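Chain by chain, the residues run as shown.
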Amino acid sequence: MPRPIQATIRPDAIANNIRLLKSRCPQSHCMAVVKANAYGHGLLRVLKGLEAADSLALLELPSVEALRHAGWAKPIVLLEGCFDDQELHLALQWQCDWVVHHPAQLEALVGHEALLLSSTHKPRIHLKVNTGMNRLGLPLSTVGAATRALAGLAKRCGLPNPVLMTHYANADAPNRERAPVTVQQQFERLQNMLPTGWQTSLGNSAAIVNTSQYAGEMVRPGIALYGATPGPLAAQAYGLQPAMLLNSAVIAVQAIKKGQWVGYGSRWLAGRDSLIAIVACGYADGYPRHAPDGVPVWIDGHIMPLAGRVSMDMLTVDVTDHPNCKPGSPVQLWGEHLPVDVVATASGTIGYELLCALSQRVPVGLA
Ligand SMILES: *Cc1c(COP(=O)(O)O)cnc(C)c1O
C-alpha cells in the first residue's frame, strides 16, 4: 500500500454550489473564479463541475490556453488584465475578456485601437474602479473620463459594451454595517459612475451569500464554489458542500508516560499517560505548520486534538480518549467530517489558504 494520504475532489459539489449561488442572485451572470488552479482543486479536474457557470475568471494565459484546449468555449476573463503588449495579443488570440484596473492599462488598450478594430475577437473590457478597497482600480476622480474614453473605443472597434467592476472590502465581516467601508457605500459610489447600457460586476462569494442586493449584474464567486465559507457564518449554514476532502491514515501509535514530550521542540507535554497517533500528513502536504496544539483532527469518527508541532511528513494527535485507534485507522484532515474552515480558524488562517496550498505530492482522486 502506498503512503495513505489522498485528496478527493468532487466536481458534483462544485456544480451544487454553483446552483445554490445562482439561486441567490438568479438574474446575474455567474463568473466562476478559478485562479490559483481553481483554489488548489485542479482547474481541468473541476471543469465538469463548472459547466453551469456563464464564464470563468483567472490570472494567467497558460491556464486560458489549457481551458480552450479542454473545450471551454464560454468567456474567460483575466482578472488583473494584460501585463504587457504581448499578453494583449495573446489575450485576443485566446479570445479572452479582461480587466483594466490602472490608467496605464487603459492607455495601452487605447493605443491598440487598430489591432482591436481588425481583430475578429471583440473583447469585453471590465473597467475596475477603486470604491474604497484601495487595492486595484481606477481612482474615482478619473472614472468619468475613463468610461468616456472606453465607450468611444468600444463603439469605434465594435467591442461589446464594457462592464463597470469593483471589489468589496467587507462583504464577509461579521459587523458589515459598521465596517469602515461598507458594501452599500461601495455600491453607491460605483452606481454613481455607471454609464447607461453598461453592466456591473460586483459580488464575490461573501457579497452573494450575505448581501445579494449589492451583488450586481455579474457576480464573481470563488471560495464558495469550492464549499468553504467566505464568512462570517459556517459553510454549512449557507448550504455549501466541500469540494475537497483531504484524507489519510494513522501509521503508528505511541504509548507515552505522563511527563513525556512529543515532537520537534518538545512542544506538547503529556499531562497523563497518553496514546499518540502518528498521521501521514505534514506541512509538505499542505497542512499548516503553524497549527497549534488542539487543532481538530478527525480519526475514525472522533474529533481528536493535534498534539505537538506539525512536521514535514507527519503530524501527531492525542488519541488517549480513543484507545481503539491503530495503524490504518482512517483520518480526515478536512472534508465532509471536518470543515476546512474549522481547521483554518484554529490555525489562525482562512480556508482559502489551506485549499490553495494543497501540495503537488498529494495524490488526487475524483469522486
Ligand atoms: C479572487 C477574486 C474573487 C473571488 O473572491 P472569493 O472571496 O473567493 O469569492 C472575486 N473577484 C476578484 C477580483 C478576485 O480577485
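Just so it is clear, the model here is predicted, and its values are computed rather than measured. (Residues numbered from 1 in each chain as written. Predicted model: local features only at pLDDT ≥ 70, side-chain atom pairs only at ≥ 80, totals over all residues. Heavy atoms only, no water.)

S.K.: Looking at this model, I keep getting lost on the overall build of the protein. Mind explaining?
M.R.: Tallying secondary structure elements over the protein gives eleven helices and 18 strands in all. Counting the 367 residues in the protein, one finds 53% classified as buried. Contacts in the protein between residues far apart in sequence, at least 24 positions, make up 65% of those at least 6 positions apart. For the protein, the accessible area works out to roughly 15900 Å², and carbon and sulfur atoms hold 53% of it. (Helix = DSSP H or I, 4+ residues; strand = E, 2+ residues; numbered from the N terminus. Buried < 20%, exposed > 50% of the residue type's maximum accessible area, 1.4 Å probe, protein only. Contact = heavy atoms within 4.5 Å. Areas by Shrake-Rupley, 256 points an atom, 1.4 Å probe, with all protein chains shown as cover.)

S.K.: What am I meant to see in helix 4 (residues 85-93) here?
M.R.: Residue pairs three or four apart in sequence face the same way in an α-helix, which turns once every 3.6 residues. Within helix 4, the full set of buried residues consists of Glu 87, Leu 88, Ala 91 and Leu 92. Each buried residue of helix 4 sits inside an arc of 140° when the element is viewed along its axis, so together they form one side. Looking at helix 4, the residues exposed on the side facing more than 90 degrees away from the buried face are Gln 86 and Gln 93. Here the buried face of helix 4 lies against helix 3 (61-69), strand 4 (76-78), strand 5 (97-100), helix 5 (103-110) and helix 6 (113-118). At the N-terminal end of helix 4, a side-chain oxygen is found 3.2 Å from the backbone nitrogen of Gln 86, two or three residues along, and the residue is Asp 84. Just beyond helix 4, the residue with positive phi is Gln 95, at close to 55°. (Arc of directions from axis to C-beta. Polar contact = N/O pair within 3.5 Å; in protein donor to acceptor, adjacent residues only side chain to side chain.)

S.K.: Help me out: how do you make sense of the nonpolar core in this one?
M.R.: The tendency in soluble globular proteins is for nonpolar side chains to be buried side by side. Within the largest apolar cluster, 111 residues are counted, with the highest numbers of intra-cluster contacts made by Leu 50, Trp 98, Tyr 287, Ile 299 and Trp 334. Those residues in contact with Leu 50, other than ones at most four positions away along the chain, are Ile 14, Ile 18, Ala 32, Val 34, Leu 56, Trp 72 and Leu 225. Core analysis: the second largest hydrophobic core is formed by seven residues, Ile 256, Val 262, Trp 268 and Ala 307 among them. (Core = buried A, V, L, I, M, F, W, Y, C linked by side-chain atoms within 4.5 Å.)

S.K.: Would you take a moment to explain the site of the ligand for this structure?
M.R.: Taken together, 14 residues surround the ligand, and among them Lys 35, Tyr 39, Ser 205, Ile 223 and Tyr 352 come closest. At 2.5 Å from an oxygen atom of the ligand is found a side-chain nitrogen or oxygen belonging to Tyr 39. Side-chain polar atom of Arg 220 to a nitrogen atom of the ligand: 2.9 Å apart, as the coordinates give it. Out of a free accessible area of 390 Å², the ligand has 91% covered by protein chains. Considering only residue class, the shell around the ligand consists of seven nonpolar, four polar and three charged. (Near = heavy atom within 4 Å. Nonpolar A, V, L, I, M, F, W, Y, C, P; charged D, E, K, R; others polar.)

S.K.: What is the right way to read the pairing of strand 14 (residues 296-299) from this model?
M.R.: Along any regular strand, the residues point their side chains to alternate faces of the sheet. Of the two faces of strand 14, the one lined by Pro 296 and Trp 298 and the one lined by Val 297 and Ile 299 are each fully buried. Pairing between strand 14 and strand 15 (residues 302-305): four bridges, direction antiparallel. Among the inter-strand pairings, Ile 299 is bridged to a residue of strand 15, identified as His 302. Here strand 14 folds back onto strand 15 in antiparallel fashion, the turn holding two residues, of which Asp 300 has a positive phi close to 50°. Where strand 14 meets strand 17 (residues 330-334), two bridges bridge the pair, whose relative direction is antiparallel. Bridge assignment links Ile 299 to a residue of strand 17, and that residue is Val 331. (Pairing = 2+ DSSP bridges.)

S.K.: Where do I start with the pattern of salt bridges in this structure?
M.R.: In total, this model carries ten salt bridges according to the counting rule given. Of the charged contacts in the structure, one is a salt bridge between Asp 285 and Arg 3, with a shortest N-O distance of 2.8 Å. One end of the pair, Asp 285, is in the loop between strand 13 (274-279) and strand 14; the other, Arg 3, is in the segment before strand 1 (6-9), with 282 residues separating them in the sequence. Its relative accessible area of 0% is what places Asp 285 among the buried residues. The exposure class assigned to Arg 3 is partly exposed, which follows from its relative accessible area of 34%. Taken together, the shared-partner salt bridges connect Arg 3, Asp 285, Asp 313 and Arg 361 into one network. (Salt bridge = Lys/Arg side-chain N within 4 Å of Asp/Glu carboxyl O.)

S.K.: Before we go on, may I ask you to explain helix 8 (residues 183-191) in this structure?
M.R.: Those residues of helix 8 not exposed but buried are Val 183, Gln 186, Phe 187 and Leu 190. Viewed end-on, helix 8 has its buried residues packed into an arc of 100°, placing them on one side of the element. Buried residues in helix 8 make contact with strand 7 (163-165) and strand 8 (199-203).

S.K.: I would appreciate a short explanation of the environment of Arg 289 in the present structure.
M.R.: Of note, Arg 289 is situated in the loop between strand 13 and strand 14. Residue class for Arg 289 comes out partly exposed when judged on its relative accessible area of 45%. Separated by 277 residues in the primary sequence, Arg 289 and Asp 12 have C-alpha atoms spaced 30 Å apart. The contact partners of Arg 289, leaving out residues within four places of it in the chain, are Tyr 283, Arg 309 and Val 310.

S.K.: I keep staring at the packing of helix 5 against helix 7 (residues 140-157) and nothing clicks. Help me out?
M.R.: For any two helices packed against each other, one specifies the crossing angle of their axes together with the interaxial distance. It is the contact of helix 5 with helix 7, at a shortest axis distance of 11 Å, that shows an interaxial angle of 25°. Between helix 5 and helix 7, the angle is such that the two are roughly parallel. For the pair helix 5 and helix 7, the crossing hand works out as left-handed. Together, Leu 106, Leu 109 and Val 110 of helix 5 and Ala 146, Leu 150 and Leu 153 of helix 7 make up the contact between the two elements. Here the contact of helix 5 with helix 7 is built from residues that sort into six nonpolar, no polar and no charged. (Axes fitted to C-alpha atoms, helices over the stretch in contact; angles between N-to-C directions. Parallel < 35°, antiparallel > 145°, perpendicular 65-115°, else oblique. Left-handed = near helix turned anticlockwise from the far one by under 90°.)

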